[in-house]
Structures are given as structure tokens and as C-alpha cells.
Amino acid sequence: MSANDLEARLVAVEAKLAHHSDLEAIRDLMYEYGFAFDEDRFDDFANCFTENATGRYHPFAPGFSGRQEILDFCHRLRDEDSLPRLEMVIHYTVSPIIEIDGDSASGRWNWIAPCTVKRANEDRVAAWQFGRYDVQYARTSDGWKIQHQTTAYFEVFEHLEGWVRQPMMSLLS
């Protein structure tokens, strides 16, 4: 094997290692995103986003722009005066498809979130949410961050009723 062949192989191995390192950093970012929200660490949650991040959590937040609006959204969902109120949630993010192109990346994640919701009539219900995150990431001086995120809700339903017998979004009434 020539020195040129060895150097070319080394460059290829370094590129593959950098790619896998970026994949793990993006996965870790999304795991921190879920843990920070679930634990009411909203500053840490907002720090998962770039300063000028945009996105939506339709129908709960049709659009947001910047970290302050992300923080406002988090506080609204957990505020004592907000009904329906998300009292407890545990995010499970699964099945990622991540594509990296230099200092930007995109990702699709399915998510499942068991939660407790307090409705306007003061009932507390065990509920499930299912959906997908479509995310654009940017490499920053602080590592990978979310630049844009769209959250799609496939189903939201009471635990005991299930997603077949109870219409989606009836928890909001």
C-alpha cells in the first residue's frame, strides 16, 4: 500500500468519524430537548434552538420565532391559569432519519408522549400524543441547534379511550 493510498484511507476514516460524531450530537440535542421540556427546564429547552429559530406546534402554537417566543409557549402550556394545561409529559423520540450537509442538517423523528392534561372542566386525564418532528439544524459555535422545527400531531387521545374510539383533539374541549 502506497503512502497516498494510506493517506486517502485516513481521510475517509476521519470523514466517517466526523459524520458519526455529528449524528450523535444531533441525537443528544433531541434527547436533551425532550428531557428539558419534561423537567420544566425551559431555559435549557430554549437553548436547544438557535437565537432566531422558527417553527410551529400546531394547533398549540401555530408559529414561533426566537427563543423568547419558545419560552412563552412553554410557560403557557404549564401555567396554572392555562386550560387545558399540560401537567406532566414524557417525550420518547424514536426512528430518526438525519441527513447532514456541512454545517446544516435535517431530521425526521417520530415521537410518543404519555402525559397528564388538566381540561377546562378541571378534569385531569391520562393522555397519549403521537406525532413527528421535522427539523432543520444548524451547526453553531455552541454545537448543533434547532433552526426550524415543525411538530405534527398524529393523534391526541385519552389513555382509557384509545385513539380509535375517541376523536383526535377532544382533550382540548
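Student: Mind laying out the pattern of salt bridges, listing which residues take part and the relevant values?
Tutor: Across all of its chains, the model carries 10 salt bridges by this definition. Where Arg 27 meets Glu 24, a salt bridge forms, and the shortest distance between an N and an O atom there is 2.9 Å. Remark: Glu 24 and Arg 27 occur in helix α1 (residues 3-38); sequence separation between them is 3 residues, near one turn of the helix. The salt bridge partner of Asp 134 is Arg 132, with a shortest N-O separation of 3.1 Å. By sharing partners, the salt bridges in this structure join Glu 32, Glu 39, Arg 41 and Asp 44 into a single network.

Student: I'd like a description of the nonpolar core, backed by residues and values.
Tutor: Grouped together as the largest cluster of nonpolar side chains are 38 residues, with contacts concentrated most on Tyr 33, Phe 37, Phe 45, Phe 49, Tyr 57, Tyr 137 and Ile 146. Every element with two or more residues in this core is listed here: α1, α2 (42-46), β1 (49-57), α3 (67-78), β3 (85-89), β5 (104-118), β6 (124-140) and β7 (143-158). Top element by residues in this core is α1. It accounts for 7 residues. If we skip the residues at most four places from it in the chain, Phe 45 touches Tyr 33, Ala 36, Phe 37, Tyr 57, Ile 70 and Cys 74.

Student: Run through a nonpolar patch on the surface, naming residues and quoting values.
Tutor: On the surface, Met 88, Ile 90, Tyr 92 and Val 94 cluster together into a nonpolar patch covering about 320 Å² of accessible area. Looking at the element boundaries, Tyr 92 is found in strand β4 (residues 92-101). Assessed through its relative accessible area of 44%, Tyr 92 is described here as partly exposed.

Student: Account for α3, naming residues and giving values.
Tutor: Think of an α-helix as 3.6 residues a turn; residues three or four steps apart then line up on the same face. Across its 12 residues, α3 extends 17 Å between first and last C-alpha, which sits within 8% of the 16 Å expected from 1.5 Å per residue. Within α3, the full set of buried residues consists of Arg 67, Ile 70, Leu 71, Phe 73, Cys 74, Leu 77 and Arg 78. Viewed along the axis of α3, the buried residues span an arc of 160 degrees, placing them on a single side of the element.

Student: Give a detailed account of unusual backbone geometry, specifying residues and quantitative values.
Tutor: Although it is not a glycine, Asp 40 adopts a positive phi angle of roughly 60 degrees. Within the element layout of this structure, Asp 40 appears in the loop between α1 and α2. Positive phi is not limited to glycine here, since Ser 95 has a value of about 55 degrees. Tracing the chain through its elements places Ser 95 in strand β4. With relative accessibility at 48%, the residue Ser 95 sits in the partly exposed group.

Definitions and limits used
- Residues numbered from 1 in each chain as written.
- Predicted model: local features only at pLDDT ≥ 70, side-chain atom pairs only at ≥ 80, totals over all residues.
- Heavy atoms only, no water.
- Salt bridge = Lys/Arg side-chain N within 4 Å of Asp/Glu carboxyl O.
- Helix = DSSP H or I, 4+ residues; strand = E, 2+ residues; numbered from the N terminus.
- Core = buried A, V, L, I, M, F, W, Y, C linked by side-chain atoms within 4.5 Å.
- Buried < 20%, exposed > 50% of the residue type's maximum accessible area, 1.4 Å probe, protein only.
- Contact = heavy atoms within 4.5 Å.
- Patch = residues over 30% accessible without salt bridge, like charges linked within 9 Å, V, L, I, M, F, W, Y side chains within 5 Å.
- Areas by Shrake-Rupley, 256 points an atom, 1.4 Å probe, with all protein chains shown as cover.
- Expected span 1.5 Å × (residues − 1).
- Arc of directions from axis to C-beta.

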